[in-house]
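Reading the structure
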Amino acid sequence: STGVVSTLRFHPTRLELFSCADDCHVRLWSLAKGKQLACLKAHNSLVRSLEFADGGDLLLSAGRDQIVVGWDLARGGRQVATLPVLEAVESARILPPGWRAAGRGGKKGDARAMFHFATAGDRGELRVWEYPGGNCVATVPCPGPLTGLFVDERGDGVLVATTFEHTILAYA
C-alpha cells in the first residue's frame, strides 16, 4: 500500500487480505503468494471501512468521500455499485440476515434488498441502507460525530456506536 494503512480486513473464506491506505485505493493481497493481486480504485478520500457479503463474493468499501462502493470479487473486483451516503463515513457494517428497519423507527424497505448495512460518520447520525438500491430506511440522530459502529450478530442485531466524545451508544 502507498502511505499509512488505515484499514485491514481478512477475506472470510480465502487466504487474502484487503488493505486501504492514504492513496484511497483498496488493495487485495494474496497471503499465500505474498503479493498484491489487485488494486480497486473508486474512492477519492480515505477508506475507513471494509465489509464482506454474499459469502465473501461482494466487498463494500466506505470512506470519507461520502460513498459506499460495492465490488464483485467473484468477477475480479469489478465495481458494481456506488451509493451516496450523505456523510464522511468512519465505519460501516453489514446487518444480520433478516434485519428490517420497520419496527425500529425506520420505514418499510424494499423486499428485494439483498441486505442492509449501517453507516456512522461525521454528521452524528446512524443510518441504515438497503443494498443494492441505496435507499436509506432508518436514521437515528446521535449526540455528535460517530467514530465507530459495531453489530451484535449473535442475536437481534443490536447496533453499538462510539462518538468522538468517548461515548458508547447502543441501539436495539
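Please refer to the structure placed before this passage.
Parameters and conventions
Residues numbered from 1 in each chain as written. Predicted model: local features only at pLDDT ≥ 70, side-chain atom pairs only at ≥ 80, totals over all residues. Heavy atoms only, no water. Helix = DSSP H or I, 4+ residues; strand = E, 2+ residues; numbered from the N terminus. Rg over C-alpha atoms; globule rule 2.2 N^0.38 Å. Buried < 20%, exposed > 50% of the residue type's maximum accessible area, 1.4 Å probe, protein only. Contact = heavy atoms within 4.5 Å. Areas by Shrake-Rupley, 256 points an atom, 1.4 Å probe, with all protein chains shown as cover. Lys, Arg positive; Asp, Glu negative; His and termini not counted. Charge placed at Lys NZ, Arg CZ, Asp CG, Glu CD. Phe/Tyr/Trp six-rings, centres within 6.5 Å; stacked < 30°, edge-to-face > 60°. Salt bridge = Lys/Arg side-chain N within 4 Å of Asp/Glu carboxyl O. Pairing = 2+ DSSP bridges. Axes fitted to C-alpha atoms, helices over the stretch in contact; angles between N-to-C directions.

Attention shifts here to the overall build of the protein. Helix and strand content of the protein: 0 helices and 15 strands. A compact globule built from 172 residues should have a C-alpha radius of gyration of about 16 Å, and the protein, at 16 Å, falls within 12% of that. Projected onto its principal axes, the C-alpha coordinates of the protein cover approximately 45 × 35 × 30 Å. The proportion of buried residues among the 172 residues of the protein is 49%. Residue pairs at least 24 apart in sequence account for 39% of intrachain contacts in the protein once pairs closer than 6 positions are excluded. Carbon and sulfur atoms make up 52% of the accessible area of the protein, which totals about 8,400 Å². Here the protein contributes 19 positively and 18 negatively charged side chains, and the mean placements of these two sets differ by 4 Å.

A word on the packing of aromatic side chains. Applying the stated criterion across every chain yields a total of 2 aromatic pairs. For the ring pair Phe18 and Phe52, a centre distance of 5.3 Å and an interplane angle of 70° mean the geometry is edge-to-face. Taken together, the residues Phe18 in strand E2 (residues 16–21) and Phe52 in strand E5 (residues 47–53) connect sequence positions 34 residues apart. The class for Phe52 is buried, based on a relative accessible area of 14%.

So, on to the pattern of salt bridges. Enumeration according to the criterion identifies 9 salt bridges in this entry. Glu51 serves as the salt-bridge partner of Arg9, at 2.7 Å between the closest nitrogen and oxygen. Of this pair, Arg9 sits in strand E1 (residues 5–10) while Glu51 sits in strand E5, and the two are 42 residues apart along the sequence. For Arg9, a relative accessible area of 30% corresponds to the partly exposed category. Judged by its relative accessible area of 7%, Glu51 falls in the buried class. Overlapping salt bridges bring together Arg9, Glu51 and Arg93 as one network.

With that settled, the discussion passes to the sheet that holds strand E10 (residues 115–121). What the 4 strands build is an open sheet, ordered E9-E10-E11-E12; its pairing is antiparallel. Each having just a single partner strand, strand E9 (89–94) and strand E12 (136–141) make up the two edges of the open sheet. Neighbour-to-neighbour, the strand axes of this sheet turn through a mean angle of 20°, independent of strand direction. The sheet contact formed by E10 and strand E11 (residues 125–131) spans 6 bridges and is antiparallel. For Ala118, the partnering residue across the bridge sits in E11 and is Val128.

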